[in-house]
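Chain and residue survey
If you want the building blocks of each chain, they are given just below.
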Amino acid sequence: MSHRYFTTPIYYVNDRPHIGHAYTTVLTDAITRWHQLMGHSTFFLTGTDEHGQKVQQAADGRGVTPQAHCDELHMAFKTLWPNLHIEPTDFIRTTEKRHKAVVHRVLNELWDKDLIYAKEYGGWYSVSEERFWTEKDLVDGKCPASGNPVEWIEEKNYFFKMSNYQQALIDHINENPDFIRPSHRRNEVLGFLRQPLTDLCISRPKSRLSWGIELPFDTDYVTYVWFDALLNYLTGIGYPDSDEWKGWWAESTHLIGKDILTTHSVYWTTMLMAMEVPLPKSIVAHGWWLMGNSKMSKTKGNVVDPMALKDQYGVEVFRYFLLRDMSVGQDASFSEAGLVTRNNTELANDLGNLVNRTLNLVEKRFDAKAPAYTKANADEDSQVIAMTNNLGQAVTKLILQYRTHEAVDTAMALVRRLNKYINDTVPFKVIKEDPERAASIIRVVLNGLYAAATWLTAVMPQTMNELIHRIGADTNGVQDGAPVFKGEPLFPKYDLPIPDVAEEPTQTQEAPKEATAQEDGIIEFSDFAKVDLRVAQVVAAEKVEGADKLLKLNVDMGDESRQIVAGIASCYSPDELVGKRVVLVANLKPRKIFGLESQGMILAARDGDGIFVVSPDGFPVSGAEVS
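Criteria and cut-off values
- Residues numbered from 1 in each chain as written.
- Predicted model: local features only at pLDDT ≥ 70, side-chain atom pairs only at ≥ 80, totals over all residues.
- Heavy atoms only, no water.
- Helix = DSSP H or I, 4+ residues; strand = E, 2+ residues; numbered from the N terminus.
- Rg over C-alpha atoms; globule rule 2.2 N^0.38 Å.
- Buried < 20%, exposed > 50% of the residue type's maximum accessible area, 1.4 Å probe, protein only.
- Contact = heavy atoms within 4.5 Å.
- Areas by Shrake-Rupley, 256 points an atom, 1.4 Å probe, with all protein chains shown as cover.
- Lys, Arg positive; Asp, Glu negative; His and termini not counted.
- Charge placed at Lys NZ, Arg CZ, Asp CG, Glu CD.
- Pairing = 2+ DSSP bridges.
- Core = buried A, V, L, I, M, F, W, Y, C linked by side-chain atoms within 4.5 Å.
- Domains from an automatic or database assignment.
- Arc of directions from axis to C-beta.
- Disulfide = S-S within 2.5 Å.
- Phe/Tyr/Trp six-rings, centres within 6.5 Å; stacked < 30°, edge-to-face > 60°.
- pLDDT = per-residue confidence, 0-100.
- Polar contact = N/O pair within 3.5 Å; in protein donor to acceptor, adjacent residues only side chain to side chain.

For the protein chain, the helix and strand inventory stands at 22 helices and 29 strands. Taken against the 2.2 N^0.38 rule, which gives 25 Å for 627 residues, the C-alpha radius of gyration of the protein chain at 28 Å falls within 12% of a compact globule. Taking the principal axes of the C-alpha coordinates as reference, the protein chain spans close to 90 × 80 × 55 Å. Counting only residues that meet the buried cut, the protein chain has 51% of its 627 residues in that class. Taking the intrachain contacts of the protein chain between residues at least 6 apart in sequence as the baseline, contacts between residues at least 24 apart amount to 73%. When the accessible surface of the protein chain is split by element, carbon and sulfur atoms take 49% of a total near 29,300 Å². The average position of the 65 basic charges and that of the 84 acidic charges among the side chains of the protein chain differ by 4 Å.

Spelled out as structure tokens, the structure:
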């Protein structure tokens with residue numbers, strides 16, 4: 001049995017779990033479960049990052065030791081995961097003895113290889129990010145990652161010769177196109193590596209930070225938190241003493257948020273090269289959950305609490321929404337209304353109603369036992385049976401490409417097809433004249449439900465296993481004569497949340513003046529200047545179900561992603577558009593088109609019935625201004 005090793009980042013113990021943590025961990029859990037269905041032996045690692053200046057400051061503020069602080073706060077993560085039906089193989093803490101031993105071993109090894117050296121250093125230090133920045137890195141004199149103030153610090157520190165491995169890393173990325181996924185993140189890292197790579201400061205003096213893993217060759221210093229934390233991926237599988245770690249590591253995949261791509265694809269990879277350990281098989285960077293068009297953050301007060309959603313709508317509905325709505329690699333907009341809509345339309349209506357009416361008929365007309373398939377009708381049955389038999393292959397292909405939202409939709413497409421099949425074949429009427437044929441129709445539906453439920457167990461493990469049990473199935477599928485029971489509805493419906501109502505303008509407020517054009521249609525330059533045109537690259541495209549002319553596009557604008565709904569399906573297939581550069585009206589007010597929010601408009605020319613998307617000449621970067 002082949003090995004597969006999946007990891008989440010280890011989460012900073014000072015944080016409180018939010019939807020970003022939940023998504024990464026649910027995603028990793030689901031991918032692990034899918035690989036188990038493929039027959040692989042799996043290892044799933046998550047945990048907490050417990051060293052650093054912020055931990056020390058928080059513990060001091062509470063009047064407790066850093067260790068006591070970590071012992072308490074790590075439980076916020078460790079106890080959350082079972083409540084979200086997440087089942088890691090191991091939960092690692094960087095304060096554990098096993099991890100400290102690995103960090104010391106690696107530091108000594110690199111020191112002995114003369115790959116670590118000491119020097120005096122000055123730089124702009126960000127406490128929030130716990131790292132140094134150069135003058136050119138700063139944005140308006142502040143930390144480019146957090147926007148928080150920085151302070152100038154000059155001190156002796158120890159440095160890892162990261163620059164030694166720049167070309168080797170570039171070569172590896174170029175020679176292994178699937179090493180960093182999706183491809184636009186790979187290009188982002190290669191762009192970063194076009195600049196000279198500096199050596200990495202891997203220490204902090206105890207005079208200003210004592211909470212960390214002590215350097216074995218200088219006890220006046222502790223290890224930089226990122227150097228320490230990244231090594232957890234090896235500690236968790238028993239490096240270097242276990243006989244099994246190499247087997248797991250050869251098939252290792254790191255699932256991370258895009259904001260920590262550089263630390264994983266540059267810091268970590270060069271560390272591994274220095275250690276002479278093979279690089280992981282793949283690094284997969286997913287996008288952010290947005291509220292509106294901005295990233296969730298504590299300062300904006302728009303962080304979503306996964307526990308609150310779980311308690312209100314159920315764990316498995318929450319898991320389904322996360323995996324169904326985010327395309328790995330792209331940002332996704334969170335809305336409670338979106339979650340409720342997914343539940344009501346896809347789970348309660350499509351799947352739940354199909355289960356209810358099918359099992360209701362089995363209970364009433366087939367003595368609550370799974371009927372056999374004895375009377376075929378090729379014209380009616382063959383397409384549905386083929387779709388059922390091919391579902392595992394289709395989902396597997398998508399999972400191996402980390403197209404998880406499409407994998408979920410592929411399983412649900414079978415559910416939708418089963419609904420159409422049962423509407424077309426009307427077994428509720430057929431049974432009056434041909435009970436054997438009605439029984440065979442129902443058996444086709446039960447077999448389809450088994451296939452869909454099996455591949456959706458990765459998404460909703462408890463509910464789908466319950467469904468498999470209700471339809472009289474075991475690991476070999478639905479069995480003739482097996483007991484069947486309808487039970488309570490699997491997915492109750494919920495009322496849509498009431499949105500906040502914007503304040504109505506009062507009579508004393510001046511209404512905004514509408515822009516007017518001259519009578520001949522000529523506009524002033526100042527009017528044209530209001531339009532913000534930007535280059536964007538299409539990174540994903542799919543048809544809008546039920547709308548023949550519409551495509552849903554995900555476009556990369558450099559510093560953000562947008563969802564665009566465009567009426568170009570008559571002239572472009574989704575595959576034709578992926579990778580294409582387009583011109584986007586970036587400051588157009590978002591609007592709903594066929595129930596989907598469109599966050600801009602792409603420019604296209606129309607010639608008769610033909611539509612031609614406007615593309616810039618050459619290869620301008622995403623986000624470049626068009627004027």
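With that settled, the discussion passes to the pairing of strand 7 (residues 151–160). Looking along a regular strand, one sees the side chains alternate between the two faces of the sheet. Two elements, strand 5 (residues 116–126) and strand 7, share ten bridges in a ladder whose sense is antiparallel. Looking across to strand 7, one finds that Trp124 is bridged to Trp152. Relative to strand 9 (residues 200–201), strand 7 runs antiparallel, the two sharing two bridges. Bridged to Phe159 within strand 9 is Cys201.

Turning next to the nonpolar core. Grouped together as the largest cluster of nonpolar side chains are 88 residues, with contacts concentrated most on Trp34, Trp289, Leu351, Ile471 and Phe491. No other element matches the 14 residues that helix 19 (residues 435–456) contributes to this core. Mapping this core onto the domain boundaries places at least three of its residues in each of domain 1 (3–108 + 227–291) and domain 3 (346–483).

Here we take up the sheet that holds strand 5. Strand order in the open sheet formed by four strands is 6-5-7-9, and the pairing between neighbours is antiparallel. The strands lining the two open edges of the sheet, one partner per strand, are strand 6 (131–133) and strand 9.

Of the residues making up helix 7 (residues 166–175), those classed as buried are Gln166, Leu169, Ile170 and Ile173. Down the axis of helix 7, the buried set is contained in an arc of 100°. They therefore lie on one face.

If you check the domain split of the protein chain, you get domain 1 (3–108 + 227–291), domain 2 (113–205), domain 3 (346–483) and domain 4 (525–625). The C-alpha centroid of domain 3 is placed 52 Å from the C-alpha centroid of domain 2.

Once that is clear, we can look at the sheet that holds strand 11 (residues 214–215). In spatial order, the strands read 10-12-11; together these three strands make up an open sheet with antiparallel pairing. Two strands bound the open sheet, and with one partner strand each, they are strand 10 (203–205) and strand 11. Here strand 11 runs beside strand 12 (residues 218–223); their pairing, made up of two bridges, is antiparallel. Residue pairing for strand 12: Leu215 is matched across the bridge by Asp218.

Note: disulfide means a covalent bond formed between the sulfur atoms of two cysteine side chains. Taken as a whole and assessed by the stated rule, the structure comprises zero disulfides. Cys143 supplies the cysteine sulfur nearest to Cys201, a cysteine that is in no disulfide, at a spacing of 15 Å. For Cys201, a relative accessible area of 8% corresponds to the buried category.

All right, on to the packing of aromatic side chains then. Tallied over the entire structure, the rule returns 24 aromatic pairs. Their ring planes at 70° and their centres at 5.3 Å tell us that Trp124 and Trp152 sit as a pair that is edge-to-face. With a gap of 28 residues between them, Trp124 in strand 5 and Trp152 in strand 7 connect regions that are remote in the sequence. Exposure remark for Trp124: the relative accessible area of 23% places this residue in the partly exposed category. Ring centres 6.4 Å apart and planes at 75° place the aromatic pair Trp289 and Phe334 in the edge-to-face group. Pair noted here: Trp289 is in strand 15 (residues 289–291) and Phe334 is in the loop between strand 17 (332–333) and helix 15 (336–365), with a separation of 45 residues, a long-range link.

Chain-level pLDDT for the protein chain is 89 on average; 92% of the residues reach the 70-or-more range. Note that residues 500–519 has pLDDT below 50 and, in this model, five contacts with residues that lie over four places away or in other chains.

A few words now on the side chain of Thr95. The residue Thr95 is located in the loop between strand 4 (90–93) and helix 6 (97–112) in this model. Judged by its relative accessible area of 10%, Thr95 falls in the buried class. Side-chain polar atoms of Thr95 contact the side chain of Glu50, separated by 2.7 Å. Dropping the residues within four chain positions of it, Thr95 is found in contact with Glu50, His51, Gln67, Lys100 and Trp211.

With respect to the secondary-structure elements, Tyr373 resides in the loop between helix 15 and helix 16 (378–400). Of the residues examined, Tyr373 reaches a relative accessible area of 33% and is grouped as partly exposed. Separated by 199 residues in sequence, Tyr373 and Asn174 place their C-alpha atoms 53 Å apart. What Tyr373 contacts, discounting residues up to four positions off in sequence, is Asp381, Ile385, Arg437, Ser440, Arg443 and Val444.

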